[in-house]
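Single-letter residue listing:
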Amino acid sequence: MDVISELGRLGLMPVVEIPDASLALPLGRALVDAGLLCAEITFRTTAAADAIRILRGGCPELLVGAGTVLDAEQVDAAIAAGAAFLVAPGFNPGVARHARVRGALFVPGICTPSEIEAARASGCHVLKFFPAEAAGGVAFLKAVSGPYRDMRFVPTGGISPANLANYLALPQVIACGGSWMVPKQLIAAGDFVTIGRLAAEAVALARAAR
């Protein structure tokens, strides 16, 4: 699978904080049933690696990545679990280098032109723009896309149904990351019916925007 092309087709990357790996499979099924065939499982909890492994085995149609990847050990754990891509909130040259050596698609976070240049020099051409709304939002992306025309972005942070279409309208945006369709409170409560509804609504918004 071409991960970047698939992310671009979907336009959405749910950012999932899962407290218990036993919740992974019902969450994955809710997303698949809603037509949202992607999930970024963040390493903000100790259940992340197990959740990725469970989703890769139980929901093969789901594109599963790892998020909040902060060090080489997490790179290795995410790859061992079967993550199709790795996402970080910032740019760490050592982590980017380790991911490249391991052959993983690494999407580091940036929010300044200098960080874009550093990531570009490291070989990363798909970047997470984080925290998107707080760091300038759509206006920032329009401005930096002039000099950095070969870069593509996954804005995350403050993305919601109210502004999703504004981001997806930009040709340099591959997909938008967000957690509004997978809030951690609903995951912890096991309310996958509501998550499925929110995910289906998000899919409809993304399709309408493109």
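Scroll up to find the structure this text is about.
Here the structure is a predicted model, which is why all the values come from computation and not from measurement. (Residues numbered from 1 in each chain as written. Predicted model: local features only at pLDDT ≥ 70, side-chain atom pairs only at ≥ 80, totals over all residues. Heavy atoms only, no water.)

Student: Quick question: what am I supposed to make of the packing of helix α2 (residues 24-34) against helix α10 (residues 192-209) here?
Tutor: A pair of packed helices is characterised by two quantities: the angle between their axes and the separation of those axes. Remark: α2 packs on α10, axes separated minimally by 8 Å, with the N-to-C direction vectors making an angle of 35 degrees. Here α2 runs over α10; the crossing is right-handed. Where α2 abuts α10, its residues Pro26, Leu27, Ala30, Leu31 and Ala34 lie against Phe192, Ile195, Gly196, Ala199, Ala200 and Val203. In the contact of α2 with α10, the residues fall into 10 nonpolar, one polar and no charged. (Axes fitted to C-alpha atoms, helices over the stretch in contact; angles between N-to-C directions. Helix = DSSP H or I, 4+ residues; strand = E, 2+ residues; numbered from the N terminus. Left-handed = near helix turned anticlockwise from the far one by under 90°. Contact = heavy atoms within 4.5 Å. Nonpolar A, V, L, I, M, F, W, Y, C, P; charged D, E, K, R; others polar.)

Student: I tried to follow the side chain of Glu40 on my own but got confused; where do I start?
Tutor: For Glu40, the position within the fold is in strand β2 (residues 38-42). No salt bridge is formed by the buried Glu40; its nearest oppositely charged neighbour, Lys128, is found at 4.4 Å. If sequence neighbours within four positions are ignored, Glu40 has contacts with Met13, Pro14, Val15, Val16, Gly65, Ala66, Gly67, Thr68, Phe85, Val87 and Lys128. (Buried < 20%, exposed > 50% of the residue type's maximum accessible area, 1.4 Å probe, protein only. Lys, Arg positive; Asp, Glu negative; His and termini not counted. Salt bridge = Lys/Arg side-chain N within 4 Å of Asp/Glu carboxyl O.)

Student: Please clarify how the pattern of salt bridges should be interpreted in this entry.
Tutor: Side chains that differ in charge, positive against negative, can pair when their charged atoms come close. By the definition in use, this model includes six salt bridges. Between Glu6 and Arg9 there is a salt bridge, with its nearest N and O atoms 2.8 Å apart. Note that Glu6 and Arg9 are positioned in helix α1 (residues 3-10) at a spacing of three residues, about one turn of the helix. Arg9 gets classed as exposed once you look at its relative accessible area, which sits at 54%.

Student: Help me out: how do you make sense of the packing of aromatic side chains in this one?
Tutor: Here a ring pair, both rings aromatic, is described through the centre-centre distance and the interplanar angle of the planes. Evaluated as defined, the whole model comprises one aromatic pair. Lys128 extends its terminal NZ or CZ atom over the ring of Phe130, reaching a point 4.8 Å from the ring centre. (Phe/Tyr/Trp six-rings, centres within 6.5 Å; stacked < 30°, edge-to-face > 60°. Lys NZ or Arg CZ within 6 Å of the ring centre and 35° of its normal.)

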